[in-house]
Every structure is written in structure tokens, then in C-alpha cells.
Amino acid sequence: MSATKHTSGSWEAVRMPIHGMWLIQANATNIAGISVMGDGPGAEQAEANAHLIAAAPELLEALMAIMEFVDDHSIGEPRVSPALARTAIAKALGQEVKS
């Protein structure tokens, strides 16, 4: 499996007190930002997106570990979709996604 190149460390979603902006940070470094105007209908979705983005490194690590286990212990056809998992891993690692 390829080594990851994304920012290391635990990522967290931090709501900024002005402009309704969410920052994704790791080790006090800004990784990404999501902005929404005020507390309107998009605010709840922006918060959910921020938390999903912040969970990305852990989700990738878990998925890679699951696929390693499946590859090492699979007898016959796995009950999970390896192609779907491998596509998600490749996309997260910035690799070409094979269709």
C-alpha cells in the first residue's frame, strides 16, 4: 500500500467566530476552510462537511487496514467490495482511479 502524503497528525474541525467559517487544522496548521454566510440553511451542512473532512485521515487509515486484512485472510469472494474500497483509497492518496 502506498505511503500517505497528506498532513500528518490528528485533524480537527474548528469553528471560527467570524464569517461562519470552519477550518480544518492539524498541528496548528490550516489544511482547509469551509465558509458559509451566516447561520442559514448551509451552516449545518458546512459543519457536517468540516467534521467529515477532519475525519479523513482516520477513515483512510481504517479502510487501508481493513483491506490489508481482507487481502491477507480472504478465502473466496470477500463480502465487502474490494473495488469500492480500493477506489476510495486511490482517490484519497491522489492516485489514478481505475474504473
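Notes on the structure follow.

**Here we look at the overall build of the chain**
Line of reasoning, step 1. For the chain, the helix and strand inventory stands at two helices and three strands.
Line of reasoning, step 2. Starting at the N terminus and walking to the C terminus, you meet the elements of the chain as β-β-β-α-α.
Line of reasoning, step 3. For the chain, the residues scored as buried account for 24% of the 99 residues in total.
Line of reasoning, step 4. As displayed, the chain offers around 7,200 Å² of accessible surface, 57% of which is attributable to carbon and sulfur atoms.

**So, the sheet that holds strand E2 (residues 21–26)**
Line of reasoning, step 1. Here three strands make up an open sheet; going across it, the order is E1-E2-E3 and the pairing antiparallel. This sheet does not close on itself; its edge strands, each paired only once, are strand E1 (12–15) and strand E3 (29–35). Each neighbouring strand pair of the sheet contributes to a mean axis angle of 30°, computed without reference to strand direction.
Line of reasoning, step 2. Relative to E3, E2 runs antiparallel, the two being bridged by six bridges.

**Section: unusual backbone geometry**
Line of reasoning, step 1. In this model, Asn 27 sits at a positive phi of 55°, which is unusual for a non-glycine residue.
Line of reasoning, step 2. As for its position among the elements, Asn 27 is in the loop between E2 and E3.
Line of reasoning, step 3. Asn 27 gets classed as exposed once you look at its relative accessible area, which sits at 56%.
Line of reasoning, step 4. A positive phi angle, close to 60°, is found at Ala 28, a residue other than glycine.
Line of reasoning, step 5. For Ala 28, the position within the fold is in the loop between E2 and E3.

**Concerning the pairing of E2**
Line of reasoning, step 1. Burial analysis of E2 places five of its six residues in the buried class, the great majority of the element.
Line of reasoning, step 2. For E1 and E2, the ladder comprises four bridges, and the chain directions are antiparallel. Paired with Arg 15 across the bridge in E2 is Trp 22.
Line of reasoning, step 3. The turn linking E1 back onto E2 is made up of five residues, and His 19 within it adopts a positive phi angle of 65°.
Line of reasoning, step 4. Taking the residues between adjacent antiparallel strands as the criterion, E2 and E3 are bridged by two residues, where Asn 27 takes a positive phi near 55°.

**Focus: the environment of Arg 15**
Line of reasoning, step 1. The topology assignment puts Arg 15 in strand E1.
Line of reasoning, step 2. According to the relative accessible area criterion, Arg 15 is partly exposed, its value standing at 42%.

**Digging into the environment of Ala 90**
Line of reasoning, step 1. Topologically, Ala 90 is positioned in helix H2 (residues 82–92).
Line of reasoning, step 2. Looking at Ala 90, the relative accessible area reads 11%, which means it is buried.
Line of reasoning, step 3. Distance from Ala 90 to Leu 60, taken between C-alpha atoms, is 9.9 Å for residues 30 residues apart in sequence.

Cut-offs used in this document
Residues numbered from 1 in each chain as written. Predicted model: local features only at pLDDT ≥ 70, side-chain atom pairs only at ≥ 80, totals over all residues. Heavy atoms only, no water. Helix = DSSP H or I, 4+ residues; strand = E, 2+ residues; numbered from the N terminus. Buried < 20%, exposed > 50% of the residue type's maximum accessible area, 1.4 Å probe, protein only. Areas by Shrake-Rupley, 256 points an atom, 1.4 Å probe, with all protein chains shown as cover. Pairing = 2+ DSSP bridges. Axes fitted to C-alpha atoms, helices over the stretch in contact; angles between N-to-C directions.

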